[in-house]
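Chains, contacts and geometry: an overview
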Amino acid sequence: MTTATAPGTIVLSTVATPPGSTSSPSNTASESTTTTSSAAGTGRGFPVAGPWVSFYGNASQVDLAKLAATYRIFDIDADPDMGNFTPAQIKTLQNGGQNKVLSYFNLGSCENYRSFWSSVPAGFLSCSANKAAQLGTYSGYANEVWMNVGNADYQNLILNYVAPRLVAQGIDGFYFDNFEIVEHGTNTTNGPCDAQCSQGGLDLIAKLRDKYPNLLFVMQNATSDKTRLGTATGASGTVSYPSLLDGIAHEEVYKPTFDKSVESELVNWFSMNLMPGGLPFWIATLDYVGSCSNTTDAQVAFQSSRARGFSPSVSDASASQQTVCYWPSTW
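A few points on the structure. (Residues numbered from 1 in each chain as written. Predicted model: local features only at pLDDT ≥ 70, side-chain atom pairs only at ≥ 80, totals over all residues. Heavy atoms only, no water.)

**Observations regarding the side chain of aspartate 177**
By the element assignment, aspartate 177 lies in strand β7 (residues 173-177). Summary of buried charges: aspartate 177 has no salt-bridge partner, and the nearest side chain of opposite charge, arginine 114, is 8.2 Å away. Among the polar contacts listed, one links the side chain of aspartate 177 to the side chain of glutamine 220, at a separation of 2.8 Å. (Helix = DSSP H or I, 4+ residues; strand = E, 2+ residues; numbered from the N terminus. Buried < 20%, exposed > 50% of the residue type's maximum accessible area, 1.4 Å probe, protein only. Lys, Arg positive; Asp, Glu negative; His and termini not counted. Salt bridge = Lys/Arg side-chain N within 4 Å of Asp/Glu carboxyl O. Polar contact = N/O pair within 3.5 Å; in protein donor to acceptor, adjacent residues only side chain to side chain.)

Next comes the structure, spelled out in C-alpha cells:
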C-alpha cells in the first residue's frame, strides 16, 4: 500500500499468536549485523508478536495512552516533515520499552508530498531531480513515482538523508513499503525494474542493516522467492537476504478476498525458522474490510491469520484508513 497525507487505521485489539519456530543457524542475526556506524534501537527481533496497528495519521487524532496500553507493535509515519508524531509522543507509544514503534519507510516509490521530493541539502539529489531513477507514475497513485532502488543517487538519499531523519525521531525500526518493485521485472509499465534495479534493492537493505545493526526491519509485501531466496551484499559481505529482516507483513491476504498464493508465500517464510536476535521471525497480515462495522469479515480475517500462526491486523481500506477501531478481544 501507499500512505495518503494523513490517513488512520482500524486494528485488531487482541494479542496474536507468535509465529513460533526453532533456530536456523544459517539465518541467525549474528551473520548479518556487523556494526559499521552508530546504531539506534535496542536489538533485533520482536519479543511479542502482537497486537499490532498500522496508523499513518496524526497523534492528535488518537488517545496515545490508550494505544500504548493496548498495542505492542506500531507502524506509524514518523517523517518529521509530516508532523504526525514528535519524539516525545513516540516515546509515549513505546511505553517504557514495552512496545516497538516502526516508521513507515517507502523505498520503492517516492511521494511528491514528502519534503525530499524537491528539497534536499547539498550532496543529495531529490526524487524529482533524479530523472535517471524515476520508473514512471505508480498506477493508481498520481502523487507517487516508482524509483530505481539500485540507483546510486537514490540509495545515497535513502541511506544518508531519509533514514537518519527517521531514526532521530527515536523509532525502533523501519516498515519498508513498495519494495515489491524488486519483483516487477521489465515486462510492465507500472514500475519496470531490471536485474540491476532488483538486486540493487536487496543490496540497499543490506546497506541499511550495516548502518543500523540494532534496528527492527520489517518488509511489507514482496514476499515471493525473489526475496525469500535472495542474497544481498553490503559492507559486511554477502548474506541471505531474509537474515537482514526481523519480520514481514502482507496486505490483503484474507480480506477483501482470500489470496491463497500470498498465504503460501507467508507459509514458506514461516518454514524457514528464522530467529533474528534469538526471537521468532514476525509474520503479520493486514487485511481490509471496508468499515469498522464489518465485524463478520474482520473476525474471519483475524481467525484465518491466527490459524497459520501469523499476527493479524484489520483495517478499513488501503491508503484510506481514517478511523481507529477496536475489535472484540475475544476473537
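**A word on the nonpolar core**
Membership of the largest hydrophobic core comes to 77 residues, with the highest contact counts inside it found for Phe174, Ile205 and Leu208. Considering each element in turn, this core owes the most residues, nine residues, to helix α3 (residues 152-167). Every residue in contact with isoleucine 205, bar those within four places of it in the chain, is listed here: Leu107, Phe176, Phe179, Phe217, Tyr241, Leu244 and Leu245. The next biggest cluster of nonpolar side chains, apart from the first, holds 15 residues, and it includes Tyr56, Leu102, Tyr104 and Tyr175. (Core = buried A, V, L, I, M, F, W, Y, C linked by side-chain atoms within 4.5 Å. Contact = heavy atoms within 4.5 Å.)

**Things to note about the state of the cysteines**
Applying the stated criterion to the full structure yields two disulfides. The disulfide partner of cysteine 110 is cysteine 127, and the S-S distance across this bridge is 2.1 Å. Sign of the S-S torsion, about 80° for the bond between cysteine 110 and cysteine 127, identifies this disulfide as right-handed. Here the residue cysteine 110 occupies a position in strand β4 (residues 109-111), and cysteine 127 occupies one in the loop between β4 and β5 (134-138), the gap between them amounting to 17 residues. On the basis of relative accessibility, which here comes to 1%, the residue cysteine 127 falls in the buried class. In this model, cysteine 193 is linked to cysteine 197 through a disulfide, with the two sulfur atoms separated by 2.0 Å. Linking cysteine 193 and cysteine 197, the disulfide has an S-S dihedral of approximately -105° and is accordingly described as left-handed. Like cysteine 193, the residue cysteine 197 is buried in the burial classification. (Disulfide = S-S within 2.5 Å.)

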